[in-house]
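# Chains, contacts and geometry: an overview
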Amino acid sequence: MRAQEVPASVLVGVGSWVPPRRVANEELAERLGRSPEWMYQRSGIRSRHVVEPGTSSGDLAVEAGREALVRSAVGQVAAVVVATTSPDRPCPGTAPSVASRLGMAGAIALDVQAVCAGFVYGLAVAQGLIAAGTADSVLVVGTDSLSLSVAPDDPTSMLFGDGAGAVVLRSGHREEPGALGPCVLGSDGGGRDLITVRGGGSEERSRPGGAPADRYLRLEGQEVFWRAVQHMTSASREALDAARWKPQDVDRIVAHQANARILAMLAERLGVDAERALSNVEQVGNTSAASIPILLDHADRAGDLRPGHRVLLTAFGGGLTWGATTLVWPDFLSPDQSPHQLSSERRYVRPFGEDLD
């Protein structure tokens, strides 16, 4: 098959879901021994949403997936890819359950584990399935409930919120709005200890008689900060080159929502005007693999993403892993036509630099 005949992956629907419970910095202040304003100045986060007891990452994924399917008017897809660091169970994967609960038992279903870069990796997997002719449509979900994975007294717990976001991709043509550009991906396993959960895997079980390994998520903040900036910048430049775009051609950057300071430095290094970078980290925190699709949905509903906008997506996560891709934002089913309405808070998206002085 000649390159021009390879089907493109075209985005035709987007949706998201965050748990109703909102946790403001004030609620965490006494437990963490930090002031609410200190948390905000360090991260750009004022609040996050967390799951109630009995709610899992899979539950969030089902809600977000349903939203995306409604807006795509596709109904059913041939494959479901779930990117998550907090699966419902170590075994089996979360994706088959999500597919079944959405009425698509029998669909191809698999999990992707690339931590905060998981959604971009998931897009690449979907792109491969469509290009190979294995599937003509794919639901890609990023979902995480990392509030359950961080130690309650760890100051880094202030960063994480829970939620899920999803997109629907279908086979199409490269010239169509919504067609994904090449996905640029990378990894460096030498940095695996910078963002890690040491316990619960075969590495721990292969060493009987030792002390139990730490089951909480740990990260080395300063080193992660600089590596995130470095790798998202380089991956973004590669993705822009592949799309034959210059930085000034980018209308919107939608980056992994890790930290407002990382987002500011990324835009600066790329030479993209600050107002073109979108963020909802102030309201939802770092939702790991869910952060990019949640932001896509929020920005689309708020009118900050409009048909024809040239969009750069980029992320960095544990592994270490990173990735980037591009697309021209399409015009699809209006949110007002969706039966699931969002609160005004969930609709609100602001440029990342606002109120951070």
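First, a word on what this report is: a plain description of the structure on this page. Computed from a predicted structure; not experimentally measured.

As a further point, take the side chain of His-231. With respect to the helices and strands, His-231 occurs in helix H7 (residues 221-243). With a relative accessible area of 11%, His-231 lands in the buried category. Residues within four places of His-231 in sequence aside, it is in contact with Phe-316 and Trp-322.

Another aspect to go through is the pairing of strand S13 (residues 310-317). Each regular strand displays side chains that alternate between the two surfaces of the sheet. Of all eight residues that make up S13, seven are buried, and the element is covered over most of its length. Relative to strand S14 (residues 321-328), S13 is paired through eight bridges, and the arrangement is antiparallel. Note that in S14 the partner of Leu-312 across the bridge is Thr-326. Two successive antiparallel strands, S13 and S14, enclose a turn made up of three residues, where Gly-319 displays a positive phi of approximately 140°.

On to the environment of Pro-152. Mapped onto the fold, Pro-152 is located in the loop between strand S6 (137-145) and strand S7 (162-172). For Pro-152, a relative accessible area of 44% corresponds to the partly exposed category. Sequence separation between Pro-152 and Gly-133 is 19 residues; the distance between their C-alpha atoms is 46 Å.

A few words on the sheet that holds S6. Within the open sheet, the five strands sit side by side as S1-S7-S6-S4-S5. Their pairing is mixed. The sheet terminates laterally at strand S1 (8-17) and strand S5 (108-112), the two strands that pair on one side only. With direction set aside, neighbouring strand axes in the sheet form an average angle of 20°. Sheet topology note: the strand S4 (residues 79-83)/S5 ladder contains five bridges and is parallel.

The rules we used
- Residues numbered from 1 in each chain as written.
- Predicted model: local features only at pLDDT ≥ 70, side-chain atom pairs only at ≥ 80, totals over all residues.
- Heavy atoms only, no water.
- Helix = DSSP H or I, 4+ residues; strand = E, 2+ residues; numbered from the N terminus.
- Buried < 20%, exposed > 50% of the residue type's maximum accessible area, 1.4 Å probe, protein only.
- Contact = heavy atoms within 4.5 Å.
- Pairing = 2+ DSSP bridges.
- Axes fitted to C-alpha atoms, helices over the stretch in contact; angles between N-to-C directions.

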